[in-house]
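Chain and residue survey
Below are the chains, spelled out letter by letter.
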Amino acid sequence: SQQGEEDPQALSIQEGENATMNCSYKTSINNLQWYRQNSGRGLVHLILIRSNEREKHSGRLRVTLDTSKKSSSLLITASRAADTASYFCATDPSGANSKLTFGKGITLSVRP
Amino acid sequence: NAGVTQTPKFQVLKTGQSMTLQCAQDMNHEYMSWYRQDPGMGLRLIHYSVGAGITDQGEVPNGYNVSRSTTEDFPLRLLSAAPSQTSVYFCASSYFRSPLHFGNGTRLTVT
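What you are looking at is a predicted structure, and each value in this text was computed from that prediction instead of being measured.

About the thresholds
Residues numbered from 1 in each chain as written. Chains lettered and ligands numbered in written order. Predicted model: local features only at pLDDT ≥ 70, side-chain atom pairs only at ≥ 80, totals over all residues. Heavy atoms only, no water. Helix = DSSP H or I, 4+ residues; strand = E, 2+ residues; numbered from the N terminus. Rg over C-alpha atoms; globule rule 2.2 N^0.38 Å. Buried < 20%, exposed > 50% of the residue type's maximum accessible area, 1.4 Å probe, protein only. Contact = heavy atoms within 4.5 Å. Areas by Shrake-Rupley, 256 points an atom, 1.4 Å probe, with all protein chains shown as cover. Lys, Arg positive; Asp, Glu negative; His and termini not counted. Charge placed at Lys NZ, Arg CZ, Asp CG, Glu CD. Buried area = accessible area lost by both parts, 1.4 Å probe. Salt bridge = Lys/Arg side-chain N within 4 Å of Asp/Glu carboxyl O. Polar contact = N/O pair within 3.5 Å; in protein donor to acceptor, adjacent residues only side chain to side chain. Nonpolar A, V, L, I, M, F, W, Y, C, P; charged D, E, K, R; others polar. Phe/Tyr/Trp six-rings, centres within 6.5 Å; stacked < 30°, edge-to-face > 60°.

1. Describing the overall build of chain A
On a plain count of helices and strands, chain A comes out with zero helices and eleven strands. Counting helices and strands in the order they occur from the N terminus, chain A gives β-β-β-β-β-β-β-β-β-β-β. Relative to the 2.2 N^0.38 estimate, which gives 13 Å for 112 residues, the radius of gyration of chain A is 13 Å and therefore close to what a compact globule would have. By principal-axis analysis of the C-alpha atoms, chain A measures approximately 40 × 30 × 20 Å. Within chain A, the fraction of its 112 residues that count as buried is 46%. The contacts of chain A with a sequence gap of at least 6 include a subset with a gap of at least 24, amounting to 55%. Accessible surface computed for chain A: about 5,100 Å², of which carbon and sulfur atoms make up 44%. Between the averaged position of the 14 positive side-chain charges in chain A and that of its 10 negative side-chain charges there is a distance of 4 Å.

Okay, here's the thing in structure tokens:
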């Protein structure tokens, strides 16, 4: 069963613009993670936010978490062509990281 | 700095054949897992292991077997391949309570 649902399914922006991606989930979580997947490659971890945190930053990435709405957003500022990839949110119910549930992903295209 | 290595990269099987997808990691991670990725479905957990000798089922375990005899290796066995098992398979590993490191996948086609 899919826990995380990303929105939109696809996003196309111009280089330099900001990209905002959303993730909603259904059950309680210990943490939520965002991963990036380049075409033909495995997923790469971007950022983790715990259920008691509201916002987290890492370089050009900003993640927010609203546990009352069961939703998270990933903001990529000043996007680059190299940010073109699929982005997935993953929820961890226990904190053990042993049973992550991934969403279906968002395809981001950044036009040069 | 190999990380998580999956072999083969591509495989074509006929219905009913069996095979083993290999996964090895050189980071001494306790936790290893197998996911399958299908179009429009995201990643779904097949099996996982929290240490040598310990395995457990994920969301979609039917038709797959795993074993974990060493910390480094976590092979995934398809017992009798079916077209529904056509997918891209990813192996991942991590330290306990840490983010996952993924291999680059095995693309399997069952005809």
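2. Overview of the interface of chain A and chain B
Taken together, the contacts link 21 residues of chain A with 22 residues of chain B. Summing both partners gives a buried area of about 1,800 Å² for chain A against chain B, and 50% of it is carried by carbon and sulfur. Of all residues in chain A, Leu43, Asn97 and Ser98 of chain A give up the largest surface area on contact with chain B, accounting jointly for 24% of the area buried on that side. On inspection of chain A and its partner chain B, the count reaches zero salt bridges. Across the contact surface, chain A and chain B share six residue pairs in polar contact (both at pLDDT 80 or more). Its residues placed into classes, the side of chain A that touches chain B shows six nonpolar, twelve polar and three charged.

3. As for unusual backbone geometry
Note: most peptide bonds trans; most residues except glycine with negative phi. The residue after Asp7 of chain A, namely Pro8 of chain A, is reached through a cis peptide bond having omega 0°. Positive phi values are uncommon outside glycine, yet Asn28 of chain B reaches one of about 60°. On the secondary structure map, Asn28 of chain B appears in the loop between strand E3 (19-25) and strand E4 (31-38). Residue Arg97 of chain B is not a glycine yet carries a positive backbone phi of 65°. With respect to the secondary-structure elements, Arg97 of chain B resides in the loop between strand E9 (87-94) and strand E10 (101-102).

4. Side note on the pattern of salt bridges
Close approach of charged atoms allows side chains of opposite charge to pair. Residue and element names in this part refer to chain B. Under the counting rule described, the total for this entry stands at five salt bridges over all chains. Linking Arg44 and Asp38 is a salt bridge whose minimum nitrogen-to-oxygen distance equals 2.9 Å. Judged by its relative accessible area of 16%, Arg44 falls in the buried class. Classification of Asp38 by relative accessible area gives buried; the value is 11%. Through salt bridges with shared partners, one network takes in Arg36, Asp38 and Arg44.

5. Thoughts on the packing of aromatic side chains
Under the definition given, this model contains eight aromatic pairs over all chains. Centroid distance Phe102 of chain A to Tyr35 of chain B: 5.3 Å. Interplanar angle 85°. Geometry classified as edge-to-face. One end of the pair, Phe102 of chain A, is in strand E10 (residues 101-102); the other, Tyr35 of chain B, is in strand E4, on a second chain. Residue Tyr35 of chain B is classed as buried on the basis of its relative accessible area, which comes to 0%.

No statement about biological role is implied by the geometric values presented.
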